[in-house]
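# Secondary and tertiary structure notes
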Amino acid sequence: MQESAVPPTPPTPPVSLAALLSREDLALRQLAGPPAAEVRVHWAHTSEMSDPFPYLLGGELLLTAGVHIPAGAESGTYFDDYVSRIVAAGGAALGFGVAPVHDTVPRALVAACAAYGLPLVEVPPRTTFSGVARAVWQLMAQARLAELRRISEAQQGLAAAASRPDPVPSVLRRLATRLDGRAVLYGPDGAEIAAAGREPGAEVRRALAELARYVTGHASSTATDTVAGIRLAAYALGTGQGFVLGVAARHRESGDQTIASVAAVLLSLLTGEHQSGTGAARSSALVRLLLGARPEEVAPLLGGGGGEGVTHWHVVHARPTTGSPDPVSASALGTALGSPLVDTAGDVVRVLVPAARHADAEGGPGAGAGPAPATDPGTGTRADPAPATDPGTGTRADPATATDPGTGTGASAAVAAPAAQPGWTLGVSAPVAPAEWPAADAQAGRALARARATRVPLVRHGARPALADLVPDGEAEAHARALLAPVAAVPALTETLRAWLSLHGSWDRTAVALSVHRNTVRQRIARCAALLDSDLDDPDVRMELWFALRR
């Protein structure tokens, strides 16, 4: 079992010796050693042993009244031996109480502390050792509370980042900011998938990458190192897929490991495989397809969150609002839509989403049907931003009342249809049987183009009966081939004509939908009009061409 499934409890942070010296009620005074701001005290301990080494854990402010100092110690090596043993044990500082044994701090002790770099603090007669210890604990409690607040704020910030449209880069950016360093997500092959924060030097980058490879090949899920004064840490994510979080920071506070561990847990969830289907089942489906099986035969193996009885599926095309999709953000989108079946090709992410259960299992055809949203008669698509008005139709789409055209059931009686996702523009096909997946893929592509052109977050392809259905398929397809023959040899012309007609002749929207310049659209439409020898401003011509393009 891997470690760090739960973030570790942050340790109590140490306190600065400077904070202790600033307490006016204690009236402490430093006599020797490095600057107090550089000294960290973990606790206070009182001892009158001549050799305190066996009783120290490290990090203590050791308090003594000098009872153990023998007569004539000033002229010998006693103080050198005494201080060297404290330093060897890792003591943080030495507090010497003036009175009742000694009226002043021995000068030889001051010299020894200066020689060994051990901070020496004079404790005045009116200040008790218990008062000093209590002050240390009070400062530690305050530091602990402040650290817990910092960690809590960091956890909230990381959780908020994980809910953004670009969750992985957002988590890395938030982590790098919190740690004032560099955060990197490494893939199974050791390559950087995403990174954030100040980029370190080449030596540190290489060392962090090596540390990431180390944790993927060993039982330990974490590893640390220090290179060129930079503290490095690597965390194997709990997905078992080989992803690793790497962190590089110049300074490391006591709660930083907890913050990094929280980020590792979130990244494990974001990079983990969606639980609705197993990799083995999908691998089996792929093999069967490659060996000639029909889509409808392998669809039951895909699962995808729909459970038993899934007969219809949506194809979703998606593009991020800004930037280009990466595999991790695409996987996160699939998780949000309820399907692990995700394909990233260029700037478009395609997701295959289960649409509905078998109608018989939901009370039969027509059960729970509500009023269908308005469908754009020109394109067969409907805009879905619920109270927004579809610019192409002037009507409002209400996803809550949408009727499933594939089963005749209301959306509430089936698996929820794909909804708009923050940071993404979606085109959703009609729910189709597996044999119709290629047609649904084309539907989703056209719906996405319309969504981008009309600047709405989601457009659905609306399937409904039409006059074209009254014409036999064979005759309709023959007429379409004959009508479009002059432009059929140039796919860019037919695609531009289809988009232009679907957007009611809008040059600007067509240009956005096709990612070309508006002048290019004008030139292509003019070329289509010339080749077809038709007046494209005539509504009858447009209707006939649209009928042909839909075949």
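Reading the values: rules and limits
Residues numbered from 1 in each chain as written. Predicted model: local features only at pLDDT ≥ 70, side-chain atom pairs only at ≥ 80, totals over all residues. Heavy atoms only, no water. Helix = DSSP H or I, 4+ residues; strand = E, 2+ residues; numbered from the N terminus. Buried < 20%, exposed > 50% of the residue type's maximum accessible area, 1.4 Å probe, protein only. Contact = heavy atoms within 4.5 Å. Areas by Shrake-Rupley, 256 points an atom, 1.4 Å probe, with all protein chains shown as cover. pLDDT = per-residue confidence, 0-100. Salt bridge = Lys/Arg side-chain N within 4 Å of Asp/Glu carboxyl O. Phe/Tyr/Trp six-rings, centres within 6.5 Å; stacked < 30°, edge-to-face > 60°. Pairing = 2+ DSSP bridges. Axes fitted to C-alpha atoms, helices over the stretch in contact; angles between N-to-C directions. Expected span 1.5 Å × (residues − 1).

## Some words on the overall build of the protein
The number of helices and strands found in the protein is 16 helices and 18 strands. Classification of the 551 residues of the protein by burial places 46% in the buried group. Counting contacts in the protein only where the partners sit at least 6 residues apart, residues at least 24 apart contribute 67% of the total. Looking at the protein as shown, the accessible area adds up to about 26200 Å², and 54% of this sits on carbon and sulfur atoms.

## Digging into the confidence of the model for the protein
Mean pLDDT over the protein stands at 80; residues scoring 70 or higher make up 81%. Here residues 304-308 scores under 50 on pLDDT; set against residues more than four positions off or in separate chains, the count is 12 contacts. Predicted confidence is poor over residues 384-415, with pLDDT under 50, and the contacts of this stretch with residues over four places away or in other chains come to 82 contacts.

## Considerations on the pattern of salt bridges
Taken as a whole and assessed by the stated rule, the structure comprises 15 salt bridges. The partner of Arg205 in a salt bridge is Glu199, and the shortest N-O contact between them spans 3.4 Å. In this structure, Glu495 and Arg498 form a salt bridge, with 3.0 Å as the shortest nitrogen-oxygen distance. Of this pair, Glu495 and Arg498 both sit in helix α13 (residues 491-502), three residues apart, which is roughly one turn of that helix. Residue class for Glu495 comes out partly exposed when judged on its relative accessible area of 36%. Here the salt bridges do not stand alone but share partners, grouping Glu147, Arg150 and Asp256 into one network.

## Some words on the packing of aromatic side chains
Under the definition given, this model contains four aromatic pairs. Centre to centre, the rings of Tyr78 and Phe79 are 5.7 Å apart; their planes meet at 80 degrees, and the pair counts as edge-to-face. Across the pair, Phe79 and Tyr78 agree in class, each one buried. With a centroid separation of 5.8 Å and 90 degrees between ring planes, the pair formed by Trp313 and Trp437 is classed as edge-to-face. In this pair, Trp313 is assigned in strand β13 (residues 310-320) and Trp437 in helix α11 (residues 437-454), connecting sequence segments 124 residues apart. A single burial state applies to Trp313 and to Trp437, both of which are buried. Within the aromatic cluster, the residues linked to one another by ring pairs are Tyr78, Phe79 and Tyr82.

## Thoughts on the sheet that holds strand β9 (residues 192-197)
A sheet is described by the order of its strands in space; here five strands give the open sequence β9-β8-β12-β11-β10, paired in antiparallel fashion. The sheet is open, and its two borders are formed by β9 and β10 (222-227), each paired with just one other strand. Put simply, the sheet's adjacent strands are angled 15 degrees from each other on average, direction ignored. Bridge count between strand β8 (residues 181-186) and β9: five bridges; the pairing is antiparallel. Looking at the pairing, Tyr186 lines up with Glu192 of β9.

## Description of helix α6 (residues 202-216)
The first and last C-alpha atoms of α6 sit 22 Å apart over 15 residues, in line with the 21 Å expected at 1.5 Å per residue. Buried residues of α6: Val204, Ala207, Leu208, Ala209, Leu211, Ala212 and Val215, and no others. Buried residues along α6 sit in contact with β8, β10, β11 (230-236) and β12 (244-249).

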